[in-house]
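Residue strings, one per chain:
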Amino acid sequence: MKTETRRNLLLALVFLAGCAVSRVQWVPPALAQTDTGIPRWDYYCTWVEGGPGQSTPEVTTAQLKAAGLQGWELAHAEGMLHCFKRPLR
């Protein structure tokens, strides 16, 4: 065998041996994206019960407390529309 061929064969064997003993693990793309450090959110929007002028502060407070107990955080309120967010589970 030529010296260059032997050298290339030896390099290939060393490379393959290194790959075989390395502790690098392949992570599927779906799992790799879950630990990006970027928060991912679940959203929920609802209308306050009753129509304009019919909703009382007690009804609104009860709805907000119920959503809070389920882990929702009020993110936006405009008129009768309330939108909530929570970390994606």
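These numbers come from a predicted model, not from an experiment.

**What about the overall build of the chain?**
(1) Moving on: For the chain, the helix and strand inventory stands at three helices and three strands.
(2) Moving on: Counting helices and strands in the order they occur from the N terminus, the chain gives α-α-β-α-β-β.
(3) Moving on: Per-residue burial for the chain yields a buried fraction of 10% across its 89 residues.
(4) Moving on: Restricting the contact set of the chain to residue pairs at least 6 apart, pairs at least 24 apart contribute 53%.
(5) Moving on: Carbon and sulfur atoms form 61% of the exposed surface of the chain, whose accessible area is close to 7,700 Å².

**A closer look at the sheet that holds strand S1 (residues 41-47)**
Strand pairs in the sheet, formed through backbone hydrogen bonds, run parallel or antiparallel to each other.
(1) Moving on: Across the sheet, three strands lie side by side as S1-S3-S2; this open sheet has antiparallel pairing. Strands at the two margins of the open sheet, each flanked by one partner only, are S1 and strand S2 (73-78). Adjacent strand axes in the sheet meet at a mean angle of 20°, parallel and antiparallel pairs treated alike.
(2) Moving on: For S1 and strand S3 (residues 81-87), the ladder comprises seven bridges, and the chain directions are antiparallel. Residue Trp47 lies in a different strand from S3, and its bridge partner there is Leu81.
(3) Moving on: On top of the sheet, helix H3 (residues 57-69) reaches S1, S2 and S3; it is set at about 15° to S3, its chief contact.

**Remarks on the pattern of salt bridges**
(1) Moving on: A full pass over the atoms with the stated rule returns one salt bridge.
(2) Moving on: Asp42 is the salt-bridge partner of Arg86, the closest N and O atoms lying 3.9 Å from each other. Of the two residues, Arg86 is situated in strand S3 and Asp42 in strand S1; the sequence distance between them amounts to 44 residues.
(3) Moving on: Given the relative accessible area of 29%, Asp42 is considered partly exposed.

**Points about the packing of aromatic side chains**
(1) Moving on: Taken as a whole and assessed by the stated rule, the structure comprises two aromatic pairs.
(2) Moving on: Judged by centre distance (5.3 Å) and plane angle (40°), the rings of Tyr44 and Trp72 are tilted. Of the two residues, Tyr44 is situated in strand S1 and Trp72 in the loop between H3 and S2; the sequence distance between them amounts to 28 residues.
(3) Moving on: Ring geometry for Tyr44 versus Phe84: centroids 5.6 Å apart, planes at 25°, classification stacked. Of this pair, Tyr44 sits in strand S1 while Phe84 sits in strand S3, placing them 40 residues apart in sequence.
(4) Moving on: Through a chain of ring-to-ring contacts, the aromatic side chains of Tyr44, Trp72 and Phe84 assemble into a single cluster.
(5) Moving on: The ring of Trp41 carries the charged tip of Lys85 above its face, separated from the ring centre by 4.2 Å.

Calculation rules
Residues numbered from 1 in each chain as written. Predicted model: local features only at pLDDT ≥ 70, side-chain atom pairs only at ≥ 80, totals over all residues. Heavy atoms only, no water. Helix = DSSP H or I, 4+ residues; strand = E, 2+ residues; numbered from the N terminus. Buried < 20%, exposed > 50% of the residue type's maximum accessible area, 1.4 Å probe, protein only. Contact = heavy atoms within 4.5 Å. Areas by Shrake-Rupley, 256 points an atom, 1.4 Å probe, with all protein chains shown as cover. Pairing = 2+ DSSP bridges. Axes fitted to C-alpha atoms, helices over the stretch in contact; angles between N-to-C directions. Salt bridge = Lys/Arg side-chain N within 4 Å of Asp/Glu carboxyl O. Phe/Tyr/Trp six-rings, centres within 6.5 Å; stacked < 30°, edge-to-face > 60°. Lys NZ or Arg CZ within 6 Å of the ring centre and 35° of its normal.

Geometry only, nothing functional implied.
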